[in-house]
Amino acid sequence: MHNDPTYQLLASFFFASVVGFLMQRSRFCNTAALRDAMLFKNYRNTKAMLALMIVGTLGFTALMTVGAGHPIVFEVGINQFIGLFLFGIGMVLAGACTVSSWVKSGEGNVGTMWAVLFTFVGMFLFSLYWSAAYWPPASATMSQLPNLKGLQLGVANAATLQSQTGIPAIVFGLIQAAVLAAIYYKIIRYERAAEQARAGAQARAEAVAQTEEATAAAIGMQRGKQTAGNR
Amino acid sequence: MEFFKKTIDPVVAMVIVGLLDIFLFLVVGAWTVGGGETMITGLIAKGILGHRLDRIPFWVQDFKPTFAYWKMYISLGMFFGAFVGAVLSKEFYWRVPRHLNEWVMITIGGLLMGIGIRLAFICNVSTFFAITPQINLGGYLAVSGIIAGAWVGSWIYKKVLEA
């Protein structure tokens, strides 16, 4: 049943509709998760991203431990760093990543529709280059084995780690989830400290304002007495 | 329809998405967008160029245009779900960027995203929500790349806003 294409298409469409709905209603944005943290020290979306990564890590590695699920067979290569570096610049400039560009287009944002259109153009332009040169990695270099000439390091994920070391995949998952949770906790602590600092500053400002008011009132009273005396 | 007007806490929303993602991983594969977008590109190109597209090896060897590619329906589903959410909460309205520099930034940004996805063979969704949770070591490379890129992008963005 799992290999029936219609079933796969329906499952992915259903999944994505719910995701699109939840993203629209929660205003989650992966671009904002990185950009707002860097530019404005706002971690609203970063926390949501970490939460999803923690849930995913635990779920995927648990399934991979028993050999279930469909992990991506995916070569580790330098092209991932360079490609995602370009992508990272692009998503901040466009103000939307692959997800939010579809979600915001669904809200009627013409700018993100334009971004999607040019993502297609970029992909097409790249497909022309792909035919001309065999680097970046193509089928020949991506042989699932380390190939230093093609800057490919072979496949390595929780399942291969399990088969090579004998340690269940879930152990690696627990370690990664713990690291992500530690980052999450650090963000919460930072937010609390910032909140307290803001509350403290406000209290101080109020206290200063009160003393100023009292002084002004006292001076006013004195002046009043003086004018009364002059009369 | 007051229920639909409330903004959901993004952490709660993403935990639900995470659980659904695990279900999708079990039946077809983890959530990803880049591959689907490539297939849509291929189908559009096929529609415009017809048989001439076969001269480009990428569309013959790597991505033969077909409608039976499940990842494509993820993009369409997200668009549909967001549209429904926006209509129910009465948030749907046409938003058009006003300034020329916004259009220029969006155009360059879109191109860079498309090129980046094809060079890396993954997008940001597969980076954060598919291969890194599978402890694929390429995920760590990709995460470092996207953080560095977002930093440079934020710097440019700030310069443009200040200018």
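Residues numbered from 1 in each chain as written. Chains lettered and ligands numbered in written order. Predicted model: local features only at pLDDT ≥ 70, side-chain atom pairs only at ≥ 80, totals over all residues. Heavy atoms only, no water.

**Quick word on unusual backbone geometry**
Most peptide bonds take the trans configuration, and most residues that are not glycine carry a negative phi. Where we set the bar: Secondary structure elements are taken from DSSP: a helix is a run of H or I of four residues or more, a strand is a run of E of two residues or more, and numbering for both begins at the N terminus.
Phi is positive for Lys41 of chain A, which is not a glycine, with a value near 55°. Here Lys41 of chain A shows up in the loop between helix H2 (30-39) and helix H3 (44-65). Residue Ile135 of chain B is not a glycine yet carries a positive backbone phi of 55°. The topology assignment puts Ile135 of chain B in the loop between helix H7 (124-131) and helix H8 (137-162).

**Focus: the side chain of Gln24 of chain A**
Cut-off, in case you're wondering: For every residue, the accessible area (1.4 Å probe, protein chains only) is compared with the maximum for its type, and the residue is labelled buried under 20%, exposed over 50%, or partly exposed between those bounds. Each polar contact in these results corresponds to two N or O atoms within 3.5 Å; when the atoms are within protein, one needs to be able to donate a hydrogen and the other to accept it, and residues that are neighboring in sequence are counted only if both atoms are side-chain atoms. Any two residues whose heavy atoms approach within 4.5 Å at even a single point are treated as in contact.
With respect to the helices and strands, Gln24 of chain A occurs in helix H1 (residues 5-26). Taking relative accessible area as the criterion, Gln24 of chain A reaches 0% and is therefore assigned buried. In terms of polar contacts, Gln24 of chain A uses its side chain to reach the side chain of Glu91 of chain B, at 2.8 Å. The contacts of Gln24 of chain A, once residues within four sequence positions are left out, are Val103 and Glu107 of chain A together with Ala82, Gly85, Ala86, Ser89 and Glu91 of chain B.

**Section: the state of the cysteines**
Residue and element names in this part refer to chain A. Inclusion rule: The disulfide definition used here is simple: a pair of cysteine sulfur atoms within 2.5 Å.
Using the criterion set out here, one finds zero disulfides over all chains in the structure. We note that Cys29 lacks a disulfide partner, and the nearest cysteine sulfur, in Cys97, lies 5.1 Å from it. Residue Cys29 is classed as buried on the basis of its relative accessible area of 7%.

**Points about the environment of Ala156 of chain A**
Among the secondary structure elements, Ala156 of chain A is positioned in the loop between strand S3 (152-155) and helix H7 (158-165). Residue class for Ala156 of chain A comes out buried when judged on its relative accessible area of 15%. Along the primary structure Ala156 of chain A and Glu206 of chain A are separated by 50 residues, whereas in three dimensions their C-alpha atoms are 58 Å apart. The contacts of Ala156 of chain A, once residues within four sequence positions are left out, are Val76 of chain A together with Ile135, Asn136 and Leu137 of chain B.

**Here we look at helix H5 (residues 98-106) of chain A**
Working note: α-helix, 3.6 residues per turn, so residues spaced by three or four point in the same direction. All names here are of chain A. Most of H5 sits inside the fold, with eight of its nine residues counted as buried. Buried residues of H5: Thr98, Val99, Ser100, Ser101, Trp102, Val103, Ser105 and Gly106, and no others. One or two positions beyond H5, positive phi appears at Gly108, with a value near 100°.

**Structural notes on H7 of chain B**
Among the eight residues of H7 of chain B, eight are classified as buried, and the element is accordingly described as predominantly covered. Listed in full, the buried residues belonging to H7 of chain B are Asn124, Val125, Ser126, Thr127, Phe128, Phe129, Ala130 and Ile131 of chain B. Of the surrounding secondary structure, the elements contacted by the buried residues of H7 of chain B are H2, H3, helix H4 (78-94) and H5 of chain A together with helix H2 (10-27) and H8 of chain B.

**So, the packing of H5 of chain A against helix H5 (residues 72-88) of chain B**
The line we're drawing: With axes taken as lines fitted to C-alpha atoms, and helix axes fitted only over the stretch in contact, angles between N-to-C directions fall between 0 and 180 degrees. Roughly parallel here means an angle under 35 degrees, roughly antiparallel means over 145, roughly perpendicular means 65 to 115, and every remaining angle is called oblique. Left-handed describes a crossing whose near helix is turned anticlockwise from the far helix through less than a right angle; right-handed describes the clockwise counterpart.
Running from N to C, H5 of chain A and H5 of chain B point in directions that differ by 45°, and their axes come no closer than 7 Å. In terms of their interaxial angle, H5 of chain A and H5 of chain B are classed as oblique. The two elements H5 of chain A and H5 of chain B meet at a crossing, and its hand is right-handed. Contacts from Thr98, Val99, Trp102, Val103, Ser105 and Gly106 of chain A of H5 of chain A reach H5 of chain B at Ser75, Met78, Phe79, Ala82, Phe83 and Ala86 of chain B.

**Here's the deal with the packing of H1 of chain A against H2 of chain B**
Defined as follows: Here the nonpolar group is Ala, Val, Leu, Ile, Met, Phe, Trp, Tyr, Cys and Pro; Asp, Glu, Lys and Arg are the charged ones; every other residue, Gly included, is treated as polar.
Two elements in contact, H1 of chain A and H2 of chain B, have axes whose closest approach is 10 Å; the angle formed by their N-to-C orientations is 170°. One way to sum up the angle between H1 of chain A and H2 of chain B is to call them roughly antiparallel. Residues Tyr7, Ala11, Ser12, Phe15, Val18, Val19, Leu22, Met23 and Ser26 of chain A of H1 of chain A lie in contact with H2 of chain B, whose contacting residues are Pro10, Ala13, Met14, Ile16, Val17, Leu20, Asp21, Leu24 and Val27 of chain B. Of the residues that constitute the contact of H1 of chain A with H2 of chain B, the class distribution is 15 nonpolar, two polar and one charged.

**With respect to the domain arrangement of chain B**
Quite often, the size of an interface is put as the accessible area lost when its parts meet. Residues and elements named next belong to chain B. How we decide: Domain boundaries shown here were taken from an automatic or database domain assignment. Summed over both partners, the accessible area lost on bringing two parts together, with a 1.4 Å probe, is the buried area. Criterion for a salt bridge: a side-chain nitrogen of Lys or Arg within 4 Å of a carboxyl oxygen of Asp or Glu.
Domain annotation of chain B identifies domain 1 (1-93) and domain 2 (96-163). Once you take the C-alpha centre of each, domain 1 and domain 2 turn out to be 18 Å apart. Taken together, the contact between domain 1 and domain 2 spans 12 residues of the former and nine residues of the latter. Overall, the association of domain 1 and domain 2 removes approximately 750 Å² of surface from exposure, summing both partners, and the carbon and sulfur fraction of that is 65%. It is Ala30, Trp31 and Gly34 in domain 1 that bury the most area against domain 2; as a group they hold 41% of the surface buried on that side. The tally of links between domain 1 and domain 2 comes to zero salt bridges. At the level of elements, H2, helix H3 (34-49) and helix H4 (58-62) are the ones that each hand at least two residues to the side of domain 1 that touches domain 2. Looking at which element gives the most residues to the side of domain 1 that touches domain 2, the answer is H3, with three residues. Each residue belonging to the side of domain 1 that touches domain 2 can be placed in one class, and the counts come to six nonpolar, three polar and three charged.

**Looking at the interface of chain B and chain A**
Contacts between chain B and chain A engage 119 residues on the former and 109 residues on the latter. Approximately 10,600 Å² of surface area, both sides summed, lies buried where chain B meets chain A, with 78% of it carried by carbon and sulfur atoms. Of all residues in chain B, Phe25, Met113 and Leu119 of chain B bury the most surface against chain A, accounting for 7% of the area lost on that side. Across the contact surface, chain B and chain A share two salt bridges. The salt bridge involving Arg27 of chain A is made with Glu91 of chain B; its shortest N-O contact spans 2.4 Å. Linking chain B with chain A are 25 residue pairs in polar contact (both at pLDDT 80 or more), by the criterion used here. Looking at the side of chain B that touches chain A, the elements with two or more residues in it are helix H1 (2-5), H2, H3, H4, H5, helix H6 (100-120), H7 and H8 of chain B. In terms of residue count, the dominant contributor to the side of chain B that touches chain A is H8 of chain B (19 residues). Of the residues belonging to the side of chain B that touches chain A, the class tally is 81 nonpolar, 28 polar and 10 charged.

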